[in-house]
Amino acid sequence: MDRLHDLSCVLHLHSTHSDGTGTVPEIARAAEQAGADVVLLTDHDTLAARRAGEEGWHGAALVLAGHEVSPPGRNHYLAFGLDEEIRHRGLTPAQIVAAVRERGGFGFAAHPFASGSGRFPRVSADMRWEDLECLDGLELWSFLADNGQRLNSIRDAVRFIARPERFVTHPPEHNLREWDRLGASRRVVGIGGLDAHQFGLRVAGRTLRAMSYRRSFEQLRTHVLVAAEPRGELDHDRELVYSALRTGRCYIAFNAIARATGFRFFAERFRGERLEMGGEAAGGGWTLHARLPRVADVRLLRDGEVVARAVTQALMHEAQGPGVYRVEVRLRSHGAERTWILSNPVYLR
Ligand SMILES: [Zn+2]
Ligand SMILES: [Zn+2]
């Protein structure tokens, strides 16, 4: 039976240990208020929060500290599971990814598909990943970079900051196509990140009102399905979250339009043999199952093509041979159809 527990995470954010505007306790409180279970902190080039003993439970929120490896003018990488920062001087992006892996960590390319917008200075073209082939994880949907590139006027920016749930529709199609292409040869874990600083947005020379940590935490979540109940012990609970992220047992949810807790996607065959998201297996006889906390428009994709679609709360589909299977769920909200949930794939090879 289903013994997995769903924890919702806010991921990719900066505290006063780098260029954020909130302290770790303030951020943890904002997460608690927004109803997020886990905060995955990624200060630029520092694990100061970890050294300061700020990792751990703050009330109902678990704070875990990774770091954003941030070579100036080059690609950024969100690294987790390390005791020390990566010294990136002179390393190429691929060498940074390899260094994290060699030290037993794991990570995700930060805002890998950012294309830049002249009016949105935080997003620059050099943030776009030059070498996707070295990755086994990426920020598939970056709340700031991927929506920021659509801001072409102060009016757009005001709409985005005031009511992101009315402005944001889908992740860029390009991100999904590239992810599907990479997944054909290996597992690549997709996550959703915020890049939250409690930021003020500079558009056309003016700084607009900031979006608070709390409000940004209500937007995009990465849910992990963990194998046991958290115990309130840092080492144990961190391992639960990290092993789910590492293996792709996670999904992305646009939380501002509806809470996604309860979503499941897996493959099953014979007597309860079960493959969770991120799992890889050979051989036939698999049936794919998607389950939702409410009725929505569910699409099952195989190698990037829709093979089943229904407005339902539970979709079942017999796999027709090998393929990379994943689910996209859409919901109508505020007058438009919006992406609500993106699963990680089940890989039938
Ligand atoms: Zn960055
Ligand atoms: Zn960042």
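Residues numbered from 1 in each chain as written. Chains lettered and ligands numbered in written order. Predicted model: local features only at pLDDT ≥ 70, side-chain atom pairs only at ≥ 80, totals over all residues. Heavy atoms only, no water.

**Q** Please clarify how the coordination of the zinc ion (ligand 2) should be interpreted in this entry.
**A** Geometry sets the ideal angles at a metal, namely 109.5 degrees for four tetrahedral donors and 90 or 180 degrees for six octahedral donors. Of the protein atoms, only His12 (NE2), His14 (NE2), Glu68 (OE) and Asp195 (OD) coordinate the zinc ion (ligand 2), at distances of 2.1 to 2.3 Å. Every donor counted, the 4 donor atoms about the zinc ion (ligand 2) form angles of 84 to 171° at the centre, which fits irregular coordination. Between the donor residues of the zinc ion (ligand 2), the gaps in sequence give the motif H-x1-H-x53-E-x126-D. A separation of 3.5 Å is found between the zinc ion (ligand 2) and the zinc ion (ligand 1), which are bridged by glutamate 68. (Donors = N, O, S within 2.8 Å, 3.2 Å for Na, K, Ca; no water. Tetrahedral: all angles 85-135°; square planar, octahedral: opposite > 155°, others 65-115°.)

**Q** Would you mind going over unusual backbone geometry with me for this structure?
**A** What you tend to see is this: most non-glycine residues have negative phi, and most peptide bonds are trans. The backbone of phenylalanine 270 sits at a positive phi, close to 45°, despite the residue not being glycine. Tracing the chain through its elements places phenylalanine 270 in the loop between strand E13 (264–269) and strand E14 (273–276). (Helix = DSSP H or I, 4+ residues; strand = E, 2+ residues; numbered from the N terminus.)

**Q** Hey, could you run me through the coordination of the zinc ion (ligand 1) in this one?
**A** Taken together, Glu68 (OE), His76 (ND1) and His111 (NE2) make up the full set of protein donors to the zinc ion (ligand 1), lying 2.1 to 2.3 Å away. All donors of the zinc ion (ligand 1) come from a single chain, and their spacing in sequence reads E-x7-H-x34-H. Note on histidine 76: relative accessible area 15%, which makes it buried. Overall, histidine 111 belongs to the buried group, its relative accessible area being 2%. (Buried < 20%, exposed > 50% of the residue type's maximum accessible area, 1.4 Å probe, protein only.)

**Q** What is the right way to read the domain arrangement of the protein from this model?
**A** Much of the literature gives interface size as the accessible area that the parts lose upon coming together. In terms of domains, the protein is made up of domain 1 (5–254) and domain 2 (264–348). The centre of domain 1, based on its C-alpha atoms, is set 24 Å off from the matching centre of domain 2. The interface is formed by 31 residues belonging to domain 1 together with 22 residues belonging to domain 2. Considering only the side of domain 1, the residues that lose the most area to domain 2 are His170, Trp179 and Arg187, jointly responsible for 22% of the buried surface there. Counting every contact that joins domain 1 to domain 2 gives 1 salt bridge. The salt bridge involving aspartate 180 is made with arginine 326; its shortest N-O contact spans 2.8 Å. Our enumeration of links across domain 1 and domain 2 arrives at 14 residue pairs in polar contact (both at pLDDT 80 or more). Its residues placed into classes, the side of domain 1 that touches domain 2 shows 16 nonpolar, 6 polar and 9 charged. (Domains from an automatic or database assignment. Contact = heavy atoms within 4.5 Å. Buried area = accessible area lost by both parts, 1.4 Å probe. Salt bridge = Lys/Arg side-chain N within 4 Å of Asp/Glu carboxyl O. Polar contact = N/O pair within 3.5 Å; in protein donor to acceptor, adjacent residues only side chain to side chain. Nonpolar A, V, L, I, M, F, W, Y, C, P; charged D, E, K, R; others polar.)

**Q** Explanation requested: the state of the cysteines in the structure shown.
**A** Note on terminology: disulfide describes a covalent bond linking the sulfur atoms of two cysteines. Counted under the stated rule, the structure contains 0 disulfides. Lacking any disulfide linkage, cysteine 9 is separated from the closest cysteine sulfur, that of cysteine 250, by 8.4 Å. Classification of cysteine 9 by relative accessible area gives buried; the value is 0%. (Disulfide = S-S within 2.5 Å.)

**Q** Even after reading the chapter, I still don't get helix H7 (residues 173–183), so can you show me in this structure?
**A** One turn of an α-helix holds 3.6 residues; hence residues three or four places apart share an orientation. The set of residues buried in H7 consists of Asn175, Leu176, Glu178, Trp179, Asp180, Leu182 and Gly183. Where H7 is buried, its residues touch strand E7 (137–142), helix H4 (143–148), strand E8 (189–193), strand E18 (323–333), strand E19 (336–343) and strand E20 (346–348).

**Q** Mind showing me how you'd approach the environment of aspartate 195 here?
**A** Tracing the chain through its elements places aspartate 195 in the loop between E8 and strand E9 (201–203). The class for aspartate 195 is buried, based on a relative accessible area of 10%. Taking C-alpha positions, aspartate 195 is 25 Å from histidine 334, a pair spaced 139 residues apart along the chain. Aside from chain neighbours lying at most four places away, what touches aspartate 195 is Leu11, His12, His14, Glu68, His111 and Leu144. Within the structure, aspartate 195 has its side chain in polar contact with the side chain of histidine 14 (distance 3.1 Å).

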